[in-house]
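Each chain, letter by letter, is given below.
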Amino acid sequence: MATIYIENQPYEVTAGQNLLHVCLALGFDLPYFCWHPALQSVGACRQCAVKQFQDESDTQGRLIMACMTPAQEGMRISLTDPEAVAFRKQMLELLMANHPHDCPVCDEGGECHLQDMTVMTGHVYRRFRFPKRTHRNQNLGPFVNHEMNRCIACYRCVRFYREVAGGRDLAMLSAHHYVYFGRHSDGALESEFAGNLVEVCPTGVFTDKTFKRHYARPWDLQTAPSVCGHCSLGCNTLPGERYGTLRRVRNRFNREVNGYFLCDRGRFGYEFVNSEKRLRHPLRRLSVSGEQFRCTSAGVLEYLGEVLRDSRRVIGLGSPRASLEANYALRTLVGAENFYLGLSARDAHLVNMVLEIRRQVPARSPSLREMGGADAVLVLGEDVTNVAPLLALALRQDLRRQAEEIAGALHIPDWDDNAVLEAAQRATGPVYDGTRAEAEHPKATIFVATPASNKLHDAAVQTYYSAPYDLVRLGFAVAQRLDPTAPGVADLPESVAKMAERIAEALAGAEHPLIIAGYGSGSGAVMRAAANIALALRAHAEHVDLCLLLPEGNSLGLGLLGGQGSLAEALQAVEDGTADTVIVLENDLYRREEPRKLARLQAGARHVIALDSLANPTTEAAEVVLPAATFAESTGTLVNYEGRAQRFFQVFSPEGEVRESWRWLRDMAAAAGREEMRDWAGLDDVLRALAAELPAFRRVPQAALGADFRRGGRRIGRQPHRYSGRTAMQASLSVHEPQPPEDPDAPLAFSMEGYPGAPPPALAPRFWAPGWNSPQAVSKFQAEPGGALLGPEPGVRLLEPAPEGSASYFQWTASPFAPRPGEWLVIPLYHIFGTEELSQQAPAIAELTPAPYLGLNPNDARALPVAEGDLVELEVGGLTLQYPARLLNSLPAGLAGFPVGLPGMPGLDLPEWGRVRCAPPAEEGA
């Protein structure tokens, strides 16, 4: 610590930290553009000038840039010195010389950091009278809009895109006052984190193109804290609504989870809420006509009450994308003995495998922030970029840690971004190809072993592509080299044995080793191998982190609820005649099981009842369909991959007869004369019942404050204090202002009225402070920039590491992978855009979703023979399918890549052996 003097007042601060960070942490308002807590300092904009004095007798002082000056004991500075104020004002005038006067029509207007800083510096009059510099804007794809004329050359965009996200197609071009930030040619930005440019850019150069299509002023958006459900990471978000339409999603800072950033799927996948496929009213199928027709809520509930009373056995199929409350309500309605996971046999096995390992292996399940600080990482069998995108971004920050260690040895502070990268030079984790000298890799950290290449491989020091069987063998070999008593593998190829030795050496010498595995390989044995490595590391590291990823937003929560088995076992109960009514909760079964097997469900069940928000093959085949609320129209809880339960809150009231799934299920129970759910008036009642019945969820009510919470006797307003048009929004229907909807589930109000101060972090519907309208306002809610939010972090962990000594090594024996004549091992492939069910319904995501294909090794393709784009026939799991061939150089021979989840591709339990051949020519006239 050090004592510095600001305006002659003493303050205790962190010695060596840059003065801009220090001043913001102390609550001072000091303008800046190029600095960002996640990007650190480069001193490009010259906006944070302050006056430094040698001692109390010095009246002259000198101007310094706060972001480039470390805080030192006894330092005296002034933010309000007239020379510093005048300098900041002059620099802003120069930055604004070529900036257009388009605030009234700019998409950034109202939350623009440039507007905030202009007001803060007092620059109100522009003397520039010459023609302004102009640029040609580019089409950067469906996510990001480009308006280069607004640029002030702060360099944030390229620093984030290239140094943080690892992108290469956005660069600084040209020079002097013609400097240009864009691509060499028009085209969609290639990075899956490009959407963060919208929030990183302090002006309106990069804006949200999806928001532009249904634009509203930022201060007119009704918002609420939420959680992204498009993967198992549980990133925190801030959705915004206007006129009953979800308009955009922005990042909600959570230090332990997503920090300042989101992936593009989480940011732009929200538009499924506005889809034309939305179910707005109950539907029922007449047995006579076979068509579904619209009916009233009262009428359908009366009918469902009769169905439940008359059924021999009612079974429920849960969902990994439905909230914890909805799954628990279904479990309560049908009974624990009749509740099934709603997952394919392999997926159910993998979810249960994750829970088994968590309960047996004494290794921590780390947060995203903790994984960003790992110094040795093994990714075993998981396509991190496409399955859990923001984890790939976190892992790339490990490379920054390498650079900081090198710079630290040279006494360069870690916040001096340019100096750190200059000192590190090439020691930032380039791909290891087996030929470079070890001296070029002083901190080799990330190893990637997967069935096929993915974008993370360019951050790895060594990669290995092989079948899941061989990945398991590699994992067991690493564990045995860490601990000779661990089960090993015989007859490893020399190259694989050397890699295992190198990985073991790196993990054993690390302070924070991390092993990542999970659902992506489709193999429980891969997860067991990762668990063995974690067990073997206990003798070398005090803390061992083991991350096991799952596919969907509430996969782990569904697994913790438990069930009688998988979807296949539920289908068997119907086929056996023991169950005659099936309730399907927010789950398109056709994505999880083969259509011919699901046909038996339709034939064997008297009644199929589906609850969902979008029309899909399952709802189209159901007898009764109930419209379920989306995440933006409901309040609930999701449990992420690490066991962190987090609450998402309703943003707006839905149209039509849409309800939360748990309310539909409660009302169905009441219609059937059941008593166990009758007293569930609000979400808190459901959570109390859940915590009382199942010990694993006893802490879930603590994930956020209950609906009865008040601050200053008031709720928290979802609408900002500048919200306009409230009294006129319904004028076309009535001249009377309608009463705001009641919300019995949350301490939030659908109103501007509410507590005016800072709410607890879990309830913060926005980050705004006087003078700070941009996303940079979040620093006013933190203990220090980049630090934890003031107050308890949102969410609560439900799982803790197993006690030491409670686990033994997993055993596994298998021969190396060997291709079979005429057969291929069909493995799952994933796409950040297209694999996930709901986001693929967003128009912007759909634009980048690939068409169905089958991935083949080029040598295998030549042997068939097949060329790129030729139609091939795949026979797997009793199905015969046809897709164009895509040649993947990294895919090992004998493997065929099946991109799961893409529109038109059926659900398959993979890996599975199958046959591939040239598709027969189409019949003439077909």
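All values reported here derive from a predicted model rather than from experimental measurement. (Residues numbered from 1 in each chain as written. Predicted model: local features only at pLDDT ≥ 70, side-chain atom pairs only at ≥ 80, totals over all residues. Heavy atoms only, no water.)

A. Representation of the overall build of the protein chain. On a plain count of helices and strands, the protein chain comes out with 25 helices and 36 strands. For 926 residues, the compact-globule estimate of 2.2 N^0.38 gives 29 Å, and the protein chain sits close to it at 29 Å. Overall size of the protein chain, expressed as C-alpha extent along the three principal axes, is 90 × 80 × 65 Å. Sorting the 926 residues of the protein chain into buried and exposed places 62% on the buried side. Excluding contacts between residues fewer than 6 apart, the proportion of contacts in the protein chain whose partners are at least 24 apart in sequence is 74%. Of the roughly 34800 Å² of accessible surface on the protein chain, a fraction of 51% belongs to carbon and sulfur atoms. Between the mean site of the 90 positive side-chain charges and the mean site of the 108 negative ones, the protein chain shows a separation of 4 Å. (Helix = DSSP H or I, 4+ residues; strand = E, 2+ residues; numbered from the N terminus. Rg over C-alpha atoms; globule rule 2.2 N^0.38 Å. Buried < 20%, exposed > 50% of the residue type's maximum accessible area, 1.4 Å probe, protein only. Contact = heavy atoms within 4.5 Å. Areas by Shrake-Rupley, 256 points an atom, 1.4 Å probe, with all protein chains shown as cover. Lys, Arg positive; Asp, Glu negative; His and termini not counted. Charge placed at Lys NZ, Arg CZ, Asp CG, Glu CD.)

B. Structural detail: the sheet that holds strand β32 (residues 854-856). Read around the closed barrel, the six strands follow the order β31-β35-β32-β34-β33-β36; overall the barrel is mixed. Each strand of the sheet is rotated relative to its neighbour by a mean of 45 degrees, with strand direction disregarded. Examined bridge by bridge, β32 and strand β35 (residues 895-899) share two bridges and lie antiparallel to one another. If you follow Gly855 over to β35, its bridge partner there is Gly897. (Pairing = 2+ DSSP bridges. Axes fitted to C-alpha atoms, helices over the stretch in contact; angles between N-to-C directions.)

C. Structural detail: the environment of Gly335. Structurally, Gly335 can be placed in the loop between α9 (324-334) and β17 (339-340). Assessed through its relative accessible area of 14%, Gly335 is described here as buried. Along the chain, Gly335 and Glu804 lie 469 residues apart, while their C-alpha atoms are 36 Å from each other.

D. Region of the structure containing helix α4 (residues 156-164). Along α4, seven of the nine residues are buried, which leaves the element largely enclosed by surrounding structure. Among the residues of α4, Arg156, Cys157, Val158, Arg159, Phe160, Tyr161 and Val164 are the ones counted as buried. Trailing α4 by a residue or two, Gly166 shows a phi angle of about 75 degrees, which is positive.

E. Geometry of the pattern of salt bridges. Inspection of every chain in the model, using the stated rule, returns 52 salt bridges. As a salt-bridge pair, Glu271 and Arg213 come within 2.6 Å of each other at their nearest N and O atoms. Of the two residues, Glu271 is situated in the loop between α7 (264-268) and β14 (283-285) and Arg213 in helix α6 (residues 209-213); the sequence distance between them amounts to 58 residues. Judged by relative accessible area, Glu271 falls into the buried class, the value being 6%. Residue classification places Arg213 among the partly exposed positions, given a relative accessible area of 47%. For Arg481, the salt bridge identified is with Glu501, shortest N-O distance 3.4 Å. Within this pair, whereas Arg481 is found in helix α15 (residues 468-482), its partner Glu501 is found in helix α16 (residues 494-508), the two being separated by 20 residues in sequence. For Arg481, a relative accessible area of 33% corresponds to the partly exposed category. On the basis of relative accessible area, Glu501 is assigned to the partly exposed category, the value being 44%. Sharing partners across several salt bridges, the network here consists of Arg321, Arg591, Asp612 and Glu837. (Salt bridge = Lys/Arg side-chain N within 4 Å of Asp/Glu carboxyl O.)

F. Up close: the environment of His113. By the element assignment, His113 lies in helix α3 (residues 113-121). Linking His113 and Trp772, residues 659 residues apart in sequence, is a C-alpha distance of 7.5 Å. Beyond its immediate stretch of four places on either side in the chain, His113 contacts Tyr32, Phe33, Arg156, Pro202, Trp772, Ser774 and Gln776. Within polar-contact distance, the side chain of His113 engages the side chain of Ser774 at 3.4 Å. (Polar contact = N/O pair within 3.5 Å; in protein donor to acceptor, adjacent residues only side chain to side chain.)

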